[in-house]
Amino acid sequence: MNILNKLGKEMLFFEGGMGTTLQKKGLGVNELPESWNLTHADIITNIHLDYLNSGCNIIKLNTFGANSLKFPNKNELKEVITTAFLNAKKAIELSGRKDDIYIALDIGPTGKLLKPLGDMEFEDAVAIFGEVAAIGNELGVDLCLVETMNDLYETKAAILGVKENSNLPLFVTNAYDKSGKLMTGASPEAVCACVEGLGADAIGLNCSFGPEDMKPIVQRLAKVSSLPIIVCPNAGLPKIENGETVFDIDEDKFSSLMEDIANLGVHVVGGCCGTTPKHMKALTKRLKGFVPKRVTEKNLSVISSYTHCVEFGKESVIIGERINPTGKKLFKEALKNDDIDYILNVGLKQEEAGAHVLDVNVGLPEIDEEAMMKKVVTALQSVTNLPLQIDTTSPKAMETALRLYNGKPMINSVNGTKESMDAVFPLVKKYGGVVVALTLDEDGIPETAEGRIKIAEKIYAEAKKYGIGKKDIIIDTLAMTISADNNAAKASLEALDTISKNGGNTVLGVSNISFGLPQREFINASFYTLALGRGLSAAIINPHSLEMMKAYKCYMALSGKDDNCSGYIDFAANVTVSQASLQTENNMPSKNSGGLKNAIIKGLINEAKLCTKKLLETKEPLEVINGEIVPALDIVGKGFEEKKVYLPQLLVSAEAAKAAFDAVKERIVLSGEKKENKCTFVIATVKGDIHDIGKNIVKVLLENYGFNVIDLGKDVAPEDVANAVKKHGATIVGLSALMTTTVPAMEETVKLLKKECPKVKTIVGGAVLTKEYADMIGADKYAADAMEAVRYAEEINKMI
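So, here is what we can say about the structure in this document. (Residues numbered from 1 in each chain as written. Predicted model: local features only at pLDDT ≥ 70, side-chain atom pairs only at ≥ 80, totals over all residues. Heavy atoms only, no water.)

1. Comments concerning the overall build of the chain
Rules: Secondary structure counts use DSSP, requiring at least four H or I residues in a row for a helix and at least two E residues in a row for a strand, with both numbered from the N terminus. The size measure is the radius of gyration over C-alpha atoms, and the globule rule it meets is 2.2 Å times the number of residues to the 0.38 power. Burial classification: accessible surface area is computed with a 1.4 Å probe over protein chains only, and a residue below 20% of its type maximum counts as buried, one above 50% as exposed, and the rest as partly exposed. Working rule for contacts: check all heavy atoms of both residues, and any pair within 4.5 Å makes them a contact.
Of the regular secondary structure elements, the chain holds 29 helices and 25 strands. Taken over the C-alpha trace, the chain has a radius of gyration of 28 Å; the compact-globule value for 800 residues is 28 Å, and the two agree within 12%. The principal-axis extent of the C-alpha atoms belonging to the chain is close to 85 × 75 × 50 Å. Within the chain, the proportion of its 800 residues that are buried is 59%. Excluding contacts between residues fewer than 6 apart, the proportion of contacts in the chain whose partners are at least 24 apart in sequence is 75%.

2. A few points about the side chain of Gln 389
Going by this rule: Here a polar contact is recorded for every N or O atom pair within 3.5 Å, except that within protein the pair must consist of a potential hydrogen donor and a potential acceptor, and residues adjacent in sequence are included only if both atoms are side-chain atoms.
Its place among the elements puts Gln 389 in strand E15 (residues 388–391). Here Asp 359 takes part through its side chain, which lies 2.5 Å from a polar atom of the side chain of Gln 389. Excluding residues within four positions of it along the chain, Gln 389 makes contact with Ile 319, Val 357, Leu 358, Asp 359, Val 360, Met 410, Asn 412, Val 436 and Ile 540.

3. A short note on the packing of helix H6 (residues 152–165) against helix H14 (residues 395–404)
Basically, it comes down to this: Every axis in this analysis is a line fitted to C-alpha atoms, fitted for helices over the stretch in contact. Angles between the N-to-C directions lie between 0 and 180 degrees. These descriptions rest on fixed angle ranges, namely under 35 degrees for roughly parallel, over 145 for roughly antiparallel, 65 to 115 for roughly perpendicular, and the rest for oblique. Classification used: nonpolar for Ala, Val, Leu, Ile, Met, Phe, Trp, Tyr, Cys and Pro, charged for Asp, Glu, Lys and Arg, polar for all others including Gly.
Look at H6 against H14: their axes get within 10 Å of each other, and the N-to-C directions meet at 120°. Between H6 and H14, the angle is such that the two are oblique. Contacts from Tyr 153, Lys 156, Leu 160 and Glu 164 of H6 reach H14 at Leu 402, Arg 403 and Leu 404. Counted by class, the contact of H6 with H14 contains 4 nonpolar, no polar and 3 charged residues.

4. Some points on the pattern of salt bridges
Counted only if it meets this: The salt bridge definition used is simple: a Lys or Arg side-chain nitrogen within 4 Å of an Asp or Glu carboxyl oxygen.
Scanning the entire structure with this criterion turns up 43 salt bridges. Its salt-bridge partner being Asp 711, residue Lys 695 comes within 3.0 Å of it at the nearest N-O pair. Placement of the pair is Lys 695 in helix H25 (residues 693–704) and Asp 711 in strand E22 (residues 708–711), with a sequence separation of 16 residues. Residue Lys 695 is classed as buried on the basis of its relative accessible area of 2%. Owing to a relative accessible area of 29%, Asp 711 belongs among the partly exposed residues under this scheme. Each of Glu 123, Glu 164, Arg 403 and Lys 430 takes part in salt bridges that share partners, so that together they form one network.

5. A closer look at the side chain of Glu 369
For clarity, the threshold we go by: The convention is simple: Lys and Arg are positive, Asp and Glu are negative, and His and the chain ends are not counted.
Here Glu 369 is to be found in helix H13 (residues 369–383). One buried charge, Glu 369, has no salt-bridge partner; the nearest side chain with opposite charge is Lys 396, at 11 Å. Of note is the side chain of Glu 369, whose polar atom sits 2.6 Å from the side chain of Thr 392. Not counting residues within four places of it along the chain, the set of residues in contact with Glu 369 comprises Val 362, Gly 363, Thr 392, Ser 394 and Ala 397.

6. Some words on the sheet that holds strand E19 (residues 505–509)
Pairing between sheet strands relies on hydrogen bonds along the backbone, with the strands arranged either parallel or antiparallel. Applicable threshold: Strand pairing follows a simple DSSP-based rule, namely that at least 2 bridges must link the two strands.
Reading around the circumference, E13-E14-E15-E16-E17-E18-E19-E20 is the order of the 8 strands in this closed barrel, with parallel pairing throughout. Shown here is a sheet whose adjacent strand axes are inclined to one another by a mean of 30°, direction ignored. Most of the contacts of helix H15 (residues 418–431) go to strand E16 (residues 410–415), to which it runs at about 155°, and overall it touches E16 and strand E17 (434–438).

7. Points about the packing of aromatic side chains
This is how it is decided: Between the rings of Phe, Tyr and Trp (Trp by its six-membered ring), a pair exists once the centres lie within 6.5 Å; its type follows the angle of the planes, with under 30 degrees stacked, over 60 edge-to-face, and the other angles tilted.
Within this structure, the stated rule accounts for 5 aromatic pairs. Judged by centre distance (5.7 Å) and plane angle (50°), the rings of Phe 425 and Tyr 466 are tilted. Note that Phe 425 is positioned in helix H15 and Tyr 466 in the loop between helix H16 (449–465) and strand E18 (473–476), a separation of 41 residues in sequence. Owing to a relative accessible area of 0%, Phe 425 belongs among the buried residues under this scheme. In this structure Tyr 466 comes out as partly exposed when scored by relative accessible area, which is 23%. Their ring planes at 10° and their centres at 6.5 Å tell us that Tyr 528 and Tyr 552 sit as a pair that is stacked. Of this pair, Tyr 528 sits in helix H18 (residues 520–533) while Tyr 552 sits in helix H19 (residues 546–558), and the two are 24 residues apart along the sequence. Given a relative accessible area of 5%, Tyr 552 falls into the buried group.

8. Remarks on the packing of helix H23 (residues 621–641) against helix H24 (residues 647–671)
Between H23 and H24, the shortest axis-to-axis distance is 10 Å and the interhelical angle comes to 170°. Considered as vectors, H23 and H24 are oriented roughly antiparallel to each other. Residues Pro 621, Val 624, Ile 625, Ile 629, Leu 633, Val 636, Gly 637 and Phe 640 of H23 form the contact with H24, whose participating residues are Leu 647, Gln 649, Leu 650, Ser 653, Ala 654, Ala 657, Ala 660, Phe 661, Val 664, Arg 667 and Ile 668. Grouping the constituent residues of the contact of H23 with H24 by class yields 15 nonpolar, 3 polar and 1 charged.

9. Describing the environment of Ala 133
Relative to the helices and strands, Ala 133 is located in helix H5 (residues 122–139). Taking the C-alpha atoms as reference points, Ala 133 and Ser 256, 123 residues apart in sequence, are found 35 Å from one another.

10. Brief notes about the nonpolar core
Selection rule: Residues belong to a common nonpolar core when they are buried Ala, Val, Leu, Ile, Met, Phe, Trp, Tyr or Cys residues joined through side-chain atoms within 4.5 Å.
Counting residues in hydrophobic clusters, the biggest one holds 211 residues, and the most contacted among them are Tyr 528 and Ile 629. In terms of residue count, the dominant contributor to this core is H24 (11 residues). Beyond its immediate sequence surroundings of up to four residues, Ile 629 is in contact with Leu 596, Ile 600, Val 624, Ala 657, Ala 660, Phe 661 and Val 664. Core analysis: the second largest hydrophobic core is formed by 29 residues, Ile 710, Val 764, Val 768 and Tyr 773 among them.

11. Brief notes about helix H10 (residues 277–286)
Along H10, the residues that are buried comprise His 279, Met 280, Ala 282, Leu 283 and Thr 284. Contacts made by the buried residues of H10 are with strand E1 (12–13), helix H3 (41–53), helix H9 (251–262) and strand E10 (268–269).

12. Observations concerning the pairing of E18
The line we're drawing: Seen with its strands pointing away from the viewer, a crossover is right-handed if its path from the first strand over the helix to the second goes clockwise.
Burial along E18 is two-sided: the face carrying Ile 473 and Ile 475 and the face carrying Ile 474 and Asp 476 are both buried. The pairing of E17 with E18 spans 4 bridges and is parallel. Bridged to Val 436 within E18 is Ile 474. Considered for its hand, the β-α-β crossover made up of E17, H16 and E18 is right-handed. Relative to E19, E18 is paired through 3 bridges, and the arrangement is parallel. Bridging across to E19, Asp 476 finds its partner in Val 507. Where the polypeptide runs from E18 across helix H17 (residues 488–501) and back to E19, its parallel neighbour, the crossover connection is right-handed.

13. Looking at H9
Quick note on the threshold: Each residue after the first adds 1.5 Å to the expected span of a helix. The directions considered for the arc are those from the helix axis to the C-beta atoms.
The terminal C-alpha atoms of H9, which comprises 12 residues, lie 16 Å apart, in line with the 16 Å expected from a rise of 1.5 Å per residue. All of the buried residues in H9 are Phe 254, Ser 255, Leu 257, Met 258, Ile 261 and Ala 262. Around the axis of H9, the buried residues are gathered within 165° of arc, so they sit on the same side. Considering only its buried residues, H9 is in contact with helix H8 (211–224), strand E7 (229–232), E10 and H10.

Right, here's the structure in full:
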């Protein structure tokens, strides 16, 4: 039976931990867990059998790290996965439970950050995951489990890789931190919006911590997910007892906590690090006969960035219109000259002015729209966490943008013509998104509200054939200029009113209403207010317009949607005469308008370099570093520590700071001055671990704070770390480990350093570590994130 026929109707049980179980069976520090499929097939088979005998009914193949990064030889990779499958089949045969067992191809993260934050191309990641999925599909596994993903962008790459290379049911679980976010900043709601939009069959969370800490995240997922939910926690936190790594939640407590989680609306349970067949036996026994809550359609109209969602249907959404060349001479010149910083500034200024979403239109006959759309969307998502609206009439440019977009985008647009719906709806179905639907068709734009409503209903019906629900369509009833037709506004508003009252979402490009008239903002603002009163879900407007923002803020206060009028009061207090003129292009961003500190904070790389060179004309290098660059990094770092700034913003700010430092270095070299250096910091991912995301983040930040960083890379033996410390005279060593199976290598490295390099300070970090564990293995510092490592290094440097 297809697992989808059971999913959501009865409780399903994944196996527990594999890596930690293999450690207890003797897995060495230098061994890849997946290699045991070949060298210790009987042990792998028996582990699966123990889980089956404990009551589990979904086997997770021992393929978590089986990809071309670990196994570059294609034949070897296929052999590893094939043998994993055969080991599972043998376990099923030995169990005697052939009819109710499912085999999941287990796919874990690559351990790499994707560009622009890291060095891996998005399409390379898609190909890596796709290669594994294709092998599993050929073998005949029952489903694919993409798990332990701590980056939304890599999650998307994995989903596309699986879906483009197999027809397997797809379950997706992510690894959150205790703040309820992924490493790169995504909330559970943002993950859900993206994963649902991409067509996964179930969603959930695993690893990181025990059941108790997962409850708040599960509760949030249960409120928004229209998919069945999966929860596979660790057996608590790791600690060392008698020289062995153990976890602090036993099977009885685990099963009790998991019963509470099941009652929150969970449909699939299992275990991750530290869980054993005993844990799973206690869990299956406790939940025997348990009937999970029915999966319900939440009917939420949401888009998302890489951090958060914007929902339509509650408060009207402001979509900033300024990233568009129409009628904007300077913007056109920026597109022609490939001036990305100018475009980024346009977006950032709109964010500051109060936009919730940014429209992105880069269509000019003189440029390659597809290439520019790719460049601008990627760059914008590096400097702002606002969701984007992909605005193009080119299906090719649209697909390019949708494919690389990190989140669930807004799409502008489709219309009622067969040609448009045939081109756009397949893209919406594949990549997810909320699509703007223009109420026009082959006969043009109807003059009446009734005609536009009829087209909206046709679009809804056609979308339904693709499996696209009403919640993912937002109807544009089209604002036509009243200078040409006195009834134009009336038709738009009446259609909008009817669609809103019938549960539809609506959007308008408001400024079209006043074309050809003087003092257009007066008309625009009044029309906007009327539309808001009719239930307008979103408006594409200029957020720099004082009249438009005044209309919005006043409406929100008057309609009871602004608690204590706080939004209006804040707006009124900050209104200045200059705001009234911000809407003109003459007041759009100019080069170096925000200064070096602002450029670094915003992540404007080219602007940071130009500002630095300008400052160096009148200031000394050290003055620029201490007065501008370091303070800017401190502001961003503090924001990151307070969870107000997320990893992508932190890294792009670091890149902007690097550009500034490079300009300073050029000046120092030319002047013959001596550069002030901080102490040497050796950094490495420990033996057996190929995941270097955390290490690379720390490296980038340390270099920007002036440390001499010696990066030994990944999978580094303890003796190589010690030798590097001696060779370079390092003061500090940073060690990273993502996998539970490689934590012993970290302990071994720390011990060796204590013995051979007793003066060196050691910092450890990684998803599987805790402060208690770091203390137990003798590390000098546990860093929960990159900035904590930098702060500690600064302290040590001051003591030298």
